[in-house]
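Close look at the chain arrangement
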Amino acid sequence: MTLFERVFGGNDYNYARTVAAIDEAIATYGEAEAVSFPGTAYSLPCYYAVTGVKITNLGEMKAAMATIKEKMTRNNRLYDAFESGIASALCAEFLEALKYLHGAEPYTEPEMGHLTDAFVRNLGVPLVTGDIPGVAVIIGGAEDPAETVELVKSYQNQGILVSLTGDCIKHVHDAGMKTGENVRVVPLGYEMQSVIHVVSVALRAALIFGNITPGDFKALSKYTMDRIRAFVNAYKPLSDEIVSYGAGAICLGFPVISNETENMFRVPKSLIQQLDTSKWNATSLEARDIKLKITKIDIPVSFATAFEGEIIRRGDMQVEVDGSRVDCFELVRTVEPSEIEDHRITVVGPEIEEIPVGSKISLSYTVYVAGKAMQPDFESVMERKFHSWLNCIEGVMHTGQRDMIRIRISKADFEAGFKFRHLGEVLYAKLKSDFEAVVDKCEVKIVVDAEMNKDLRAQCNEVFNKRDDRLKSMTDESVPVYYTCILCQAFSPSHVCIVTPERLGLCGAVSWLDAKATNELDPEGPCQIVPKERCIDEKLGRFEDVDEAVCKYSHGALEHVTLYSLFQDPMTSCGCFECICGVEPCSMGVVITCREHAGMTPLGMSFSEMASMTGGGVQTPGFMGHGKQFISSKKFIAAEGGPGRIVWMPKELKDQVRERLDATALELYGVENFTDMVADETVCTEDPEQLLEFLGNVGHPVLSMEPFDM
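Residues numbered from 1 in each chain as written. Predicted model: local features only at pLDDT ≥ 70, side-chain atom pairs only at ≥ 80, totals over all residues. Heavy atoms only, no water.

1. Some words on the packing of aromatic side chains
Under the counting rule described, the total for this entry stands at 16 aromatic pairs. The interplanar angle of 55 degrees and the centroid separation of 5.4 Å between the aromatic rings of tyrosine 155 and phenylalanine 231 together place this pair among those described as tilted. Pair noted here: tyrosine 155 is in helix H7 (residues 145–156) and phenylalanine 231 is in strand S4 (residues 230–234), with a separation of 76 residues, a long-range link. Per residue, the accessibility class of tyrosine 155 equals that of phenylalanine 231, and both read buried. Judged by centre distance (5.5 Å) and plane angle (75 degrees), the rings of phenylalanine 630 and phenylalanine 636 are edge-to-face. The residues phenylalanine 630 and phenylalanine 636 share a single accessibility class, namely buried. Residue placement shows lysine 69 over the ring face of tyrosine 15; its charged tip is 4.8 Å from the ring centre. (Phe/Tyr/Trp six-rings, centres within 6.5 Å; stacked < 30°, edge-to-face > 60°. Helix = DSSP H or I, 4+ residues; strand = E, 2+ residues; numbered from the N terminus. Buried < 20%, exposed > 50% of the residue type's maximum accessible area, 1.4 Å probe, protein only. Lys NZ or Arg CZ within 6 Å of the ring centre and 35° of its normal.)

2. Details of the packing of helix H1 (residues 3–29) against helix H11 (residues 240–251)
Remark: H1 packs on H11, axes separated minimally by 7 Å, with the N-to-C direction vectors making an angle of 100 degrees. By the angle class used here, H1 and H11 are roughly perpendicular. Two secondary-structure elements touch here, H1 through Leu3, Arg6, Val7, Gly9, Gly10, Asn11, Tyr13, Asn14 and Arg17 and H11 through Asp240, Glu241, Val243, Ser244, Tyr245 and Ala247. Partitioning the contact of H1 with H11 into residue classes produces 6 nonpolar, 5 polar and 4 charged. (Axes fitted to C-alpha atoms, helices over the stretch in contact; angles between N-to-C directions. Parallel < 35°, antiparallel > 145°, perpendicular 65-115°, else oblique. Contact = heavy atoms within 4.5 Å. Nonpolar A, V, L, I, M, F, W, Y, C, P; charged D, E, K, R; others polar.)

3. Here's the deal with the environment of isoleucine 86
Along the chain, isoleucine 86 turns up in helix H4 (residues 78–99). Considered as a pair, isoleucine 86 and tyrosine 245 are 159 residues apart in the sequence and their alpha carbons are 7.5 Å apart. Not counting residues within four places of it along the chain, the set of residues in contact with isoleucine 86 comprises Val50, Lys71, Phe217, Gly248, Cys251 and Leu252.

4. Some details on H1
Look at H1: 39 Å from first C-alpha to last across 27 residues, which is about the 39 Å you get at 1.5 Å a residue. Following H1 by one or two positions, glycine 30 adopts a phi angle in the positive range, close to 95 degrees. (Expected span 1.5 Å × (residues − 1).)

5. Notes on the nonpolar core
Counting residues in each nonpolar core, the largest one holds 178 residues, and the members touching the most others are Met61, Phe94 and Met382. Broken down by element, the residue count for this core peaks at 11 residues, all from helix H9 (residues 196–210). Formed by 24 residues, the second largest nonpolar core is a distinct cluster that contains Cys579, Met624, Phe636 and Phe674. (Core = buried A, V, L, I, M, F, W, Y, C linked by side-chain atoms within 4.5 Å.)

6. Digging into the sheet that holds strand S1 (residues 135–139)
Across the sheet, which stays open at both edges, the 6 strands sit in the order S3-S2-S1-S4-S5-S6 with parallel pairing between neighbours. Each of the sheet's edge strands pairs with one partner strand only, and the pair in question is strand S3 (185–189) and strand S6 (271–273). The mean angle between the axes of side-by-side strands here comes to 20 degrees, regardless of whether they run parallel or antiparallel. For S1 and S4, the ladder comprises 5 bridges, and the chain directions are parallel. Opposite valine 137, over in S4, you have valine 232 as the bridge partner. (Pairing = 2+ DSSP bridges.)

7. Some points on the layout of surface pockets
The computed volume of the second largest pocket comes to approximately 480 Å³. Taken together, 20 residues make up the lining of the second largest pocket; nearest its centre are Glu109, Thr179, Gly180, Glu181 and Asn182. Across the lining of the second largest pocket, the residue classes break down as 6 nonpolar, 7 polar and 7 charged. (1 Å grid on protein atoms, 1.4 Å probe; cavity = no way out; pocket = protein on both sides within 12 Å on 5 of 7 lines; lining within 4 Å. Points joined across faces, edges and corners; volume = space filled by probe spheres on them.)

8. Digging into the side chain of serine 43
Within the secondary structure, serine 43 sits in the loop between H1 and helix H2 (45–51). Judged by its relative accessible area of 14%, serine 43 falls in the buried class.

9. Section: the sheet that holds strand S20 (residues 579–584)
Taken together, 4 strands build an open sheet; the order of strands is S22-S20-S21-S23 and the sheet is mixed. Both outer strands of the open sheet, strand S22 (623–626) and strand S23 (646–648), are each paired with one neighbouring strand and no more. Neighbour to neighbour, the strand axes of the sheet diverge by 35 degrees on average, direction disregarded. Note that strand S21 (residues 589–594) and S23 share 2 bridges and pair parallel. Within S23, the residue paired with valine 590 across the bridge is isoleucine 646.

10. Looking at the pairing of strand S15 (residues 481–485)
Most of S15 sits inside the fold, with 5 of its 5 residues counted as buried. As judged from the 3 bridges shared by S15 and strand S17 (residues 529–531), these two strands associate in the antiparallel manner. Within the sheet, the bridge partner assigned to tyrosine 482 lies in S17 and is valine 530. Two strands pair when backbone bridges link them, and S15 and strand S16 (residues 497–499) are joined in this way by 3 bridges, in the antiparallel orientation. Its bridge partner lying in S16, cysteine 485 is registered against cysteine 497.

11. Things to note about the packing of helix H13 (residues 377–391) against helix H16 (residues 450–472)
Contact geometry of H13 with H16 gives a least axis separation of 11 Å together with a crossing angle of 110 degrees. The angle between H13 and H16 falls in the class roughly perpendicular. Contact with H13, carried on its side by Asp377, Glu379, Ser380 and Glu383, involves Phe464, Arg467 and Arg470 of H16 and no other residues of that element. By residue class, the composition of the contact of H13 with H16 is 1 nonpolar, 1 polar and 5 charged.

12. Notes on empty space enclosed by the protein
Enumeration over the complete set of coordinates arrives at 2 cavities of 30 Å³ or more. Here the largest cavity defines a volume of roughly 340 Å³. Considering the residues around the largest cavity, the lining is formed by 31 residues, among which Val195, Val198, Val199, Ala202 and Phe254 are closest to the centre. When contributions to the lining of the largest cavity are tallied by element, the ones reaching two or more residues are H2, H4, S1, H9, S4 and H11. Per-element accounting of the lining of the largest cavity gives the leading share, 8 residues, to H9. Residue composition of the lining of the largest cavity, grouped by class: 29 nonpolar, 2 polar and no charged. Within this model, the second largest cavity holds a volume of roughly 200 Å³. Every residue lining the second largest cavity is counted, 20 residues in all, and those nearest its centre are Val243, Gly246, Ala247, Ile250 and Leu271. Taken together, the elements giving at least two residues each to the lining of the second largest cavity come down to H1, H4, S4 and H11. If you tally residues by element for the lining of the second largest cavity, the top one is H11, at 5 residues.

Here you go:
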């Protein structure tokens with residue numbers, strides 16, 4: 001039997017059982033029965049991406065099998081094998097979609113099954129920044145489960161997103177490994193066809209970030225090959241079903257590395273036989289040209305971005321630092337080089353082993369930095385990095401910032417020999433590597449003493465207050481320049497953010513000070529200076545300088561962008577925005593939803609559906625992606641009346657922005673407690689009439705504003 005026959009045989013098997021499954025479903029529910037995956041606006045994502053046609057019910061799914069059949073050509077050529085592989089992948093998607101009929105929830109832990117659009121968008125920033133350098137797709141498992149676990153951990157320790165299908169799920173589960181989106185080890189399902197869910201993530205990334213037209217398979221496969229650094233590790237024995245899926249993966253640019261030898265032959269750079277599975281990690285990274293930036297940190301546990309979302313439960317923690325209950329803080333201070341000793345880490349007070357298990361302790365760390373190019377403006381930028389750096393430590397959880405931090409250190413870390421000084425080792429190593437252009441020397445002082453921290457916290461709050469006073473006075477008008485941010489162009493080639501003091505990057509991660517620091521650290525990098533000398537329209541926020549910048553850095557895809565308008569040339573979105581707003585025509589207001597909210601909005605659309613109308617660097621008047629902090633800015637859709645237009649937000653988002661939004665509304669409109677006038681899902685979800693009634697009852701300022709000039 002040849003490899004072609006294995007691919008074709010697997011394709012025939014997948015096709016036949018998909019036809020049978022669809023016929024059975026139609027016999028039970030009828031052709032009008034709705035078909036969908038939860039949490040996606042791209043139904044069904046793989047079929048829609050490949051063909052440009054949406055499948056919404058069983059009748060359409062049955063008709064679509066004719067299109068899949070056309071791909072099942074049978075010449076002994078790689079082209080035919082690849083087409084059959086794509087056909088098998090589409091069959092797998094249909095089989096998986098049938099599991100979700102009638103609102104069923106077919107997967108339970110540890111299996112995850114379908115991954116939502118929010119999952120895809122959450123990957124945007126870490127994929128762009130390289131925090132997730134690649135995607136490993138592991139199928140099956142080694143004869144020795146420990147070998148499978150070792151491979152998974154090797155990728156996890158490198159920050160690579162790992163998806164699991166088949167026996168590897170059982171192997172890592174039995175070994176007690178944590179799995180899930182928060183630790184970037186994603187068990188899809190035990191059935192081989194469940195591998196389609198990670199393929200779906202790659203194809204939706206092309207639609208969301210790349211502005212690829214659904215149905216343009218040539219552009220789609222080029223995008224996945226060039227920009228999605230995925231690869232497959234498939235343990236023997238491989239069924240013909242798996243071999244046919246592998247052909248589809250190779251067609252999308254994802255090389256397959258396997259130890260299978262039966263009826264297989266090598267395809268250079270695509271199908272790689274590596275019998276020594278201990279070399280799969282190195283072979284895979286080489287095949288996808290993944291280069292890792294390694295910072296050696298002297299700590300007794302792993303350090304990788306894969307641990308950034310790890311949750312440490314109360315019963316699993318050794319000690320907890322809780323700034324809401326005791327005095328704690330984190331602070332960066334600029335000093336003269338002569339004042340500090342490089343790499344000196346001092347711990348004042350008891351070490352972990354001297355503290356009772358489960359204690360809430362007072363702890364602070366002050367990081368002193370010196371360098372010729374160091375500026376006090378960079379201090380807050382560095383402090384914001386502490387959150388992600390400390391969360392990258394396996395077994396450590398960090399939340400909050402400034403003097404409201406919370407840190408949990410796990411019992412497992414304590415047993416591994418983790419000490420407080422290891423927090424300092426991480427901060428030192430990352431500051432010296434990530435800010436090497438400005439940090440020449442770095443010293444860390446950790447204080448574990450309640451009385452000392454009480455006085456130190458009062459002193460550091462004086463520093464924070466001075467910074468806040470300066471930031472409050474920092475407006476778009478008060479600075480001489482803005483900055484571009486094109487970090488996301490790795491996935492969204494035509495998108496350009498213009499970052500100003502009052503408008504952060506739409507991902508919420510890049511402030512004006514961040515962009516300024518990035519430019520100084522890397523003058524040729526993603527954040528370039530944009531002069532603001534030629535203002536065309538102050539109300540819209542239109543500048544000739546900005547238009548020239550977006551035209552240049554979008555490679556001609558954009559000609560005009562305004563900073564403060566929702567209708568006239570709004571800023572584009574890459575796809576990894578925190579929030580999205582859209583016009584609500586009945587109230588002439590604006591609805592905002594966020595990535596965390598899976599429910600419907602008064603626009604009759606969910607976050608995913610609203611987001612599908614923008615992203616990928618396109619301008620969609622009336623819809624706009626943005627960061628959470630921009631909501632409370634006086635510049636938020638200022639051309640259309642400002643934040644007083646906001647009529648609906650999810651309750652969770654309201655609580656996050658309440659304090660600042662209330663202050664802005666009081667200043668702009670003289671309205672107190674404005675956030676309480678904004679409806680949420682407890683008031684209404686889809687009914688505009690309920691929304692209007694609520695707005696009238698609370699006297700919302702939007703009712704006295706002029707209608708939109710649409």
